[in-house]
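# Observations on chain architecture
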Amino acid sequence: MKPRTPISVYIVLTVVLSTLLFGMFSPDGSYLTSAFFWGLLLIATILLLIMNSIGDLIENENFSRLTEEEKQAYLEQKKIPYYQKLWNSAFKKQSQSEEKDILIDHGFDGITELDNSLPKWWTGLFWFGCVFCIVYMAAYAFTDYAHQEKEYDQETKTMLASITEFEKSAPPVNLETAKYSADNIAEGEQLFKTNCTTCHGDGGIGGIGPNLTDTHWINVKQKSLFKNVIWMLENGSPNNPAMRPFVKEGTITGRDAEKIAAYVYHINREKAPVTEAQGGAAPQGETVEWENGNE
Ligand code: HEC
């Protein structure tokens, strides 16, 4: 007769595995506040305790049937703590007579094989793996669990909602409040590529719309170049409807305009103009000496 695994080990295992399973289906941890989850753990623990009591009864019954010697051996074994026994079992070697019993009847060149039974932790892990695999596949087939595309869509939606929320509460960016920042140039370039290059060419060198890298301007509505771009983006061109009021019509936000204007400032004032010889559009309008820097 062997001493039984302590009930605490079963309880810890049950709690860990249940948490793992619940965590799989609700990764946000909301199950931790669910009465169902805690109720289930409580019921499982009570059942384990009942199972343990029945085990105790059976153990007592079996114990009384042992001979005096066997009783002694059993009590000796029971004195060794469970974890120490587990540890020892990892390095256990069979005695000669035990080896004989489990020796498999084949061999080559003096090499023989023992038919050891698999360790409990190994078989436990194996069965857990099988059950986990079935649960996972069923979850994948019949629920939204682990579907990357759906998770991606969900995250995008949450992100867009938080951006909208931010836009609502953040102070609006308009002609008065817009500020130049070199940090916006990179993002401005991306926005320029999506919204403006069709007409103003790659890098603002001009096309249907004027060359934005040179010193010539048709529309001069503000004293600084940065603000002039913001003005154009808010109001569009008074002479040519092709240049639309992007902000007013809602294609881009004031915040986007601030970034795009930083980029246009950058290509116009911090880089050499792209001339006609270099593939840029011919200058349009008149030369402008902008009064204020990037304000
Ligand atoms: C559908 C074509 C088109 C698109 C798209 C477009 N523009 Fe224009 N843009 C024009 C035209 C045409 C003009 C010239 C307007 C005029 O003659 O007054 C212009 C003028 C401008 C001017 C004033 C230039 C000057 O010399 O007066 C700025 C600044 C400008 N656009 C920036 C932008 C930015 C930034 C974007 C992207 C958000 C953009 N435009 C998108 C066609 C376009």
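Along each chain, numbering runs from 1 in the same order as the chain's sequence is written. Where totals are concerned, whole chains, interfaces and linings use all residues; where local detail is concerned, this predicted model gives features only for residues with pLDDT of at least 70, and gives and counts side-chain atom pairs only at 80 or more. Excluding hydrogens and water, the side-chain figures rest on all heavy atoms present in the structure.

## As for the overall build of the chain
Check the secondary structure of the chain and you find 11 helices and four strands. Throughout, the radius of gyration refers to the C-alpha atoms, and the reference size of a globule is 2.2 Å times the residue count to the power 0.38. Here the chain has a C-alpha radius of gyration of 38 Å; the compact-globule value for 295 residues is 19 Å, and the former is much larger. Structurally, the chain occupies a C-alpha span of about 115 × 60 × 35 Å along its principal axes. Remark: exposure states derive from per-residue accessible area (1.4 Å probe, protein chains only) relative to the maximum for the residue type, with buried under 20%, exposed over 50%, and partly exposed in between. When each of the 295 residues of the chain is scored for burial, the buried share is 27%. Strands here are runs of E lasting at least two residues and helices are runs of H or I lasting at least four, both read from the DSSP assignment and numbered beginning at the N terminus.

## Considering the UniProt feature "transmembrane region" (unreviewed entry) in the chain
UniProt positions are given in the numbering used here, feature names are shortened, and annotations may be inferred rather than shown by experiment. In the numbering adopted here, UniProt assigns the feature "transmembrane region" (unreviewed entry) to residues 7-25, 31-50 and 121-142. Annotation note: span residues 31-50, helix share 80%, strand share 0%, distance between end C-alpha atoms 26 Å. When the span residues 121-142 is considered, its composition is 100% helix and 0% strand, and the gap between its end C-alpha atoms is 31 Å.

## Describing the coordination of the iron atom of the ligand
Sites may look incomplete because water is not among the atoms; the donors themselves are N, O and S atoms within 2.8 Å of the metal, or within 3.2 Å for Na, K and Ca. For the iron atom of the ligand, every protein donor is listed as His200 (NE2) and Met243 (SD), and the spread of their distances is 2.0 to 2.1 Å. Site shape is set this way: if four donors have all angles between 85 and 135 degrees, tetrahedral; if opposite donors are over 155 degrees apart and all others between 65 and 115, square planar for four donors and octahedral for six; otherwise irregular. Around the iron atom of the ligand sit six donor atoms; with metal-centred angles ranging over 88 to 179 degrees, the donor geometry is octahedral. A residue pair is termed long-range when its members are at least 10 positions apart, and His200 in helix H9 (residues 197-200) and Met243 in the loop between helix H10 (225-235) and helix H11 (254-269) qualify at 43 residues. Side by side, His200 and Met243 carry an identical accessibility label, which is buried.

## Notes on a nonpolar patch on the surface
A patch is a set of surface residues, each over 30% in relative accessible area and not in a salt bridge, joined within 9 Å for like charges and within 5 Å for the nonpolar side chains Val, Leu, Ile, Met, Phe, Trp and Tyr. Note on areas: these come from Shrake-Rupley sampling with a 1.4 Å probe, and a residue is covered only by the protein chains present in the view. One side-chain nitrogen of Lys or Arg within 4 Å of one carboxyl oxygen of Asp or Glu is enough to make a salt bridge. Nonpolar side chains collect at one region of the surface, where Leu42, Ile43, Ile46, Leu47, Ile50, Ile54, Leu57 and Ile58 lie side by side and expose about 800 Å² of accessible area between them. Mapped onto the secondary structure, Ile54 falls in helix H2 (residues 35-64).

## A few points about the site of the ligand
By convention in these notes, a residue is near a molecule or strand provided one of its non-hydrogen atoms lies within 4 Å of it. Near the ligand, the surroundings consist of 21 residues, among which Cys196, Cys199, His200, Ser237 and Met243 are the closest. Under this definition, polar contacts are N or O atom pairs within 3.5 Å; protein pairs additionally need one hydrogen-donor-capable and one acceptor-capable atom, and for neighbouring residues in sequence, both atoms have to be side-chain atoms. Here an oxygen atom of the ligand and a backbone polar atom of Asn219 are 2.8 Å apart. Interatomic distance of 2.6 Å between a side-chain N/O atom of Ser237 and an oxygen atom of the ligand. Of all the elements in the fold, those that place two or more residues in the shell around the ligand are H9 and H10. Here the shell around the ligand gets three residues from one element, more than from any other, and that element is H9. Broken down by class, the residue content of the shell around the ligand amounts to 13 nonpolar, eight polar and no charged. Basically, the charged four are Asp, Glu, Lys and Arg, the nonpolar ten are Ala, Val, Leu, Ile, Met, Phe, Trp, Tyr, Cys and Pro, and anything else, Gly included, counts as polar.

## Quick word on the nonpolar core
The nonpolar core is taken to be a set of buried Ala, Val, Leu, Ile, Met, Phe, Trp, Tyr and Cys residues, with the residues joined through side-chain atoms within 4.5 Å. Judged by nonpolar contacts, the single largest core of 31 residues is most densely connected at Phe226, Leu233 and Ile260. The set of elements that each furnish at least two residues to this core consists of helix H8 (185-195), H10 and H11. Only heavy atoms matter for contacts: two residues are in contact if any of them lie within 4.5 Å across the pair. Excluding its chain neighbours within four sequence positions, the residues that come into contact with Phe226 are Ala178, Lys179, Tyr180, Glu258, Ala261, Ala262, Tyr265, Asn294 and Glu295.

## So, the packing of aromatic side chains
Only rings of Phe, Tyr and Trp enter the pairing, Trp through its six-membered ring, and a pair is recorded when the two centres are within 6.5 Å. The plane angle decides the type: under 30 degrees is stacked, over 60 is edge-to-face, the rest tilted. Across all of its chains, the model carries 17 aromatic pairs by this definition. Their ring planes at 70 degrees and their centres at 5.0 Å tell us that Phe126 and Trp127 sit as a pair that is edge-to-face. By relative accessible area, Phe126 is classed as partly exposed at 40%.

## Quick word on the environment of Lys100
With respect to the secondary-structure elements, Lys100 resides in helix H5 (residues 96-102). Taking the C-alpha atoms as reference points, Lys100 and Leu114, separated by 14 residues in sequence, lie 8.6 Å from one another.

## Some points on the packing of H2 against helix H3 (residues 68-79)
As a packed pair, H2 and H3 sit with axes 10 Å apart at the nearest point and diverge in direction by 140 degrees. In terms of orientation, H2 lies oblique with respect to H3. Contacts between H2 and H3 involve Glu59, Phe63 and Ser64 from the first element and Lys71, Tyr74, Leu75 and Lys78 from the second. Its residues assigned to classes, the contact of H2 with H3 comprises three nonpolar, one polar and three charged. Here an angle of 0 to 180 degrees is reported between the N-to-C directions of two axes, which are lines fitted to C-alpha atoms, with helices fitted over the stretch in contact. The labels follow the angle: roughly parallel below 35 degrees, roughly antiparallel above 145, roughly perpendicular from 65 to 115, and oblique for the rest.

## Let's talk about the packing of H10 against H11
Two elements in contact, H10 and H11, have axes whose closest approach is 9 Å; the angle formed by their N-to-C orientations is 135 degrees. Taken together, the axis directions place H10 and H11 in an arrangement best described as oblique. Judged by the twist between their axes, the crossing of H10 over H11 is right-handed. Taken together, the residues of H11 that come into contact with H10 (itself represented by Leu225, Phe226, Val229, Ile230 and Leu233) are Ala257, Glu258, Ile260, Ala261, Ala262, Val264, Tyr265, Asn268 and Arg269. Here the contact of H10 with H11 is built from residues that sort into 11 nonpolar, one polar and two charged. Each helix crossing is assigned a hand: it is left-handed if the near helix lies turned anticlockwise from the far helix by less than a right angle, otherwise right-handed if that turn is clockwise.

## Details of the state of the cysteines
Any pair of cysteine sulfurs within 2.5 Å is marked as a disulfide. By the definition in use, this model includes zero disulfides. Sulfur of Cys133: no disulfide; nearest cysteine sulfur belongs to Cys130 and is 7.3 Å away. Owing to a relative accessible area of 39%, Cys133 belongs among the partly exposed residues under this scheme.

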